[in-house]
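Chain residues, written in single-letter form:
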Amino acid sequence: MKLLGIETSCDETAIAVVEANGDLESASFELLGSAIHSQIEMHREYGGVYPNLAKREHIKNLPIVLEEALKKASVEMEEIDQIAVTVGPGLEPALWTGITFAKELSEKYNKPLIPTNHMEGHIASVLLANSKLEFPAIALLISGGHTELVVLNGWKDKKIIGQTKDDAVGEAFDKVARMLGLPYPGGPEISRLAEEAREKKMDEFNVKFPRPMLHSKDYDFSFSGLKTSVLYYIKKHGEITPEHRQEIAREFEDAVVEVLVAKSKKAIEEFNPKTFIIGGGVIANKKIKESFEALVREEYPNIKLLIPGKSLTTDNAVMISIAGYLSLLSGEKLELKAQGNLKIN
Ligand code: KG4
Ligand code: ZN
């Protein structure tokens, strides 16, 4: 069947057409066409995402993005079988624009709607390249709004075992970047500076930040304390030279990596997964990606590590189409309304 996916939970307006086949155990997907309009440039001016600005942009761009996606897929609206739309989690004013647009399409063309969970989308994104997923699986979801460890015994049996108590990883990257005078989104900027410090093997300032909750007995995370340590450090030192800034970025990134890897390792030891999935925009981070590749290669060679390509890790509608199909097959029925704090279950 052909699914149209619609995603407007944050600052990307995305629509995709995906061909889906098979049952829950053997579902396979082919991307027919996808279009995306990113608002990053606009939000950059304000240093972050403003929900009402995002809403206005989504409303303006949805019809344009739809036309482009259908054109790329060489598909007419009449040929679509189901419409999957993100209902949460995310910014509610932004989510509503996608839901309202999906409802209009559903009524106009008489197509059923599948309310879809954005975080399930991040997990399901790996199915485009891997049709058969071996369970149990663990998914680490790291994005601007979320930091979660999820255990899956199947698509119908998912459980969040750990999550952030305060800031999400991407959010911490963005906030620390702002403290260092770097533009939004800060993740890639911090990453670039940290790489520079590593390349030059700099160690002039001996910067040290804490590893929050590294040894806690649960799988939860906390990044707000780390962010505050960076703030105090910067305040204490006043004038920060470009070299000093590079070292701060590296130490911050190292602290984040250490915590993410340690918690994931703990979860692997307990749940013995066959598959480890990493989703969400933050996995674009080279250091994080390489650290997980090394972890699996060196310590758990029997685990299959799945990290989708960049176009599928940042917010997109391909993953919403895929998750929508799984949701349809598993009989999951979410409410058709914006749910800012929607959880996986
Ligand atoms: O998944 P995503 O595209 O949107 C959300 O659903 O939040 O993730 C965006 C987040 C931003 O916080 C951005 O700073 C972060 O991902 N990010 C990075 C990198 N590239 C993007 N964080 C660290 N290093 C990167 N290279
Ligand atoms: Zn996301």
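Since we're looking at a predicted model, the values are computed, not measured.

**Side note on the sheet that holds strand S1 (residues 2–7)**
At step 1: Reading across the sheet, the 5 strands line up as S3-S2-S1-S4-S5 and stay open at both edges, with mixed pairing between neighbours. The strands lining the two open edges of the sheet, one partner per strand, are strand S3 (28–38) and strand S5 (113–117). Mean inter-strand twist for the sheet, computed between neighbouring axes without regard to direction, equals 25°.
At step 2: Taken together, the 4 bridges between S1 and strand S4 (residues 82–88) define a ladder with parallel strand orientation. In the sheet register, Leu-3 faces S4, and the bridge partner there is Gln-82.
At step 3: In the packing of helix H2 (residues 51–73) onto the sheet, contacts are made with S1, strand S2 (12–21) and S3, and the angle to S3 comes to roughly 140°.
At step 4: Contacting S1, S2, S4 and S5, helix H3 (residues 92–109) runs over the sheet at an angle of about 160° to S4.

**Some points on the coordination of the zinc ion (ligand 2)**
At step 1: Ligation of the zinc ion (ligand 2) by protein atoms is provided by His-118 (NE2), His-122 (NE2) and Asp-315 (OD), these donors lying 2.0 to 2.2 Å from the ion.
At step 2: Linear spacing of the donor residues for the zinc ion (ligand 2) on their chain is H-x3-H-x192-D. Taken as a pair, His-118 in helix H4 (residues 118–124) and Asp-315 in the loop between helix H10 (310–313) and helix H11 (318–330) lie far apart in primary sequence, 197 residues in all.

**Comments concerning unusual backbone geometry**
At step 1: Residue Phe-135 is joined to Pro-136 through a cis peptide bond whose omega torsion reads -5°.
At step 2: With respect to the helices and strands, the residue Pro-136 is situated in the loop between H4 and strand S6 (137–142).
At step 3: Cis geometry is found at the peptide bond from Tyr-184 to Pro-185, where omega equals -10°.
At step 4: Its identity is not glycine, yet Met-213 carries a phi of approximately 60°, on the positive side.
At step 5: The class of Met-213 is partly exposed, set by a relative accessible area of 21%.

**Things to note about the site of ligand 1**
At step 1: Taken together, 20 residues lie near ligand 1, and Gly-144, Asp-174, Gly-281, Asn-285 and Asp-315 sit nearest.
At step 2: In the model, an oxygen atom of ligand 1 is placed 2.8 Å from a nitrogen or oxygen of the Gly-281 main chain.
At step 3: In isolation ligand 1 exposes 560 Å². Once the protein is present, 88% of that is buried.
At step 4: Of the pockets mapped on this structure, ligand 1 occupies the largest pocket.
At step 5: Listed by contribution, the elements that provide at least two residues to the shell around ligand 1 are H4, helix H5 (169–179) and helix H6 (186–199).
At step 6: Across the shell around ligand 1, the residue classes tally to 5 nonpolar, 13 polar and 2 charged.
At step 7: Here the shell around ligand 1 spans two domains, since at least three of its residues come from each of domain 1 (2–129 + 310–330) and domain 2 (137–306).

**A short note on empty space enclosed by the protein**
At step 1: Under the criterion given, the structure shown has 1 cavity of 30 Å³ or more.
At step 2: Roughly 50 Å³ of volume is contained in the largest cavity.
At step 3: In terms of lining residues, the largest cavity is bounded by Glu-120, Ala-124, Trp-155, Lys-158, Ala-323, Leu-326, Ser-327, Ser-330 and Glu-332.
At step 4: Of all elements in the fold, only H4 and H11 reach the threshold of two or more residues within the lining of the largest cavity.

**Thoughts on the domain arrangement of the protein chain**
At step 1: What the domain assignment lists for the protein chain is domain 1 (2–129 + 310–330) and domain 2 (137–306).
At step 2: With 21 residues of domain 1 at the contact, the number on the domain 2 side is 20 residues.
At step 3: With both chains or domains summed, domain 1 and domain 2 bury close to 1700 Å², and 75% of this area falls on carbon and sulfur atoms.
At step 4: Broken down residue by residue, the surface that domain 1 buries against domain 2 is led by Met-119, Ile-123 and Val-126, which jointly contribute 32%.
At step 5: Lys-158 is paired through a salt bridge with Glu-120; the nearest N and O atoms lie 3.8 Å apart.
At step 6: Connecting domain 1 to domain 2 are 1 residue pair in polar contact (both at pLDDT 80 or more).
At step 7: The set of elements that each furnish at least two residues to the side of domain 1 that touches domain 2 consists of helix H1 (40–46), H4, H10 and H11.
At step 8: Broken down by element, the side of domain 1 that touches domain 2 gets its largest block of residues, 5 residues, from H4.
At step 9: For the side of domain 1 that touches domain 2, the per-class residue count stands at 10 nonpolar, 7 polar and 4 charged.

Calculation notes
- The numbering scheme is per chain: residues are counted from 1 as the chain's sequence reads.
- Chains and ligands are labelled sequentially in the order written, the chains with letters from A and the ligands with numbers from 1.
- It should be noted that, the model being predicted, local features are given only for residues of pLDDT at least 70 and side-chain atom pairs only at 80 or more, the latter also being counted only at that level, while totals for whole chains, interfaces and linings use all residues.
- For the side-chain quantities, the full set of heavy atoms in the structure was used; hydrogens and water were omitted.
- A pair of strands counts as paired when DSSP detects no fewer than two bridges linking them.
- Each helix is a run of H or I in the DSSP string that is no shorter than four residues. Each strand is a run of E no shorter than two, and both are numbered from the N terminus.
- Axis definition: a line fitted to C-alpha atoms, over the contacting stretch in the case of helices. Angles run 0 to 180 degrees between N-to-C directions.
- Two residues form a contact once any of their heavy atoms are found within 4.5 Å.
- Water is not part of the atom set, so a site may look incomplete; the donors themselves are N, O and S atoms within 2.8 Å of the metal, or 3.2 Å for Na, K and Ca.
- The buried label applies to any residue whose accessible area, calculated with a 1.4 Å probe on protein chains only, is under 20% of its type's maximum; exposed applies above 50%, and partly exposed to all values in between.
- Any residue with a non-hydrogen atom lying within 4 Å of a molecule or strand is treated as near it.
- Throughout this description, a polar contact denotes any pair of N or O atoms lying within 3.5 Å of each other; where both atoms belong to protein, one of them has to be capable of donating a hydrogen while the other can accept it, and for residues adjacent in sequence the pair is counted only when both atoms sit in side chains.
- To measure how exposed things are, a 1.4 Å probe is used in the Shrake-Rupley method; for residues, cover is taken only from the protein chains shown.
- Each cavity reported here is a set of points on a 1 Å grid over the protein atoms alone in which a 1.4 Å probe fits but cannot get out, each pocket an open set with protein on both sides within 12 Å along at least five of seven lines, and each lining residue one with an atom within 4 Å of a point.
- More than half of a molecule's atoms within 2 Å of the grid points is what it takes for that molecule to sit in a cavity or pocket.
- In this classification, Asp, Glu, Lys and Arg are treated as charged, Ala, Val, Leu, Ile, Met, Phe, Trp, Tyr, Cys and Pro as nonpolar, and every other residue, Gly included, as polar.
- What marks off one domain from the next here is an automatic or database domain assignment.
- Grid points are joined across faces, edges and corners, and a volume is the space filled by probe spheres set on the points.
- Buried area is understood as the total, over both parts, of accessible area removed when two parts are fitted together, assessed with a 1.4 Å probe.
- Only one rule defines a salt bridge in this text: a Lys or Arg side-chain nitrogen within 4 Å of an Asp or Glu carboxyl oxygen.

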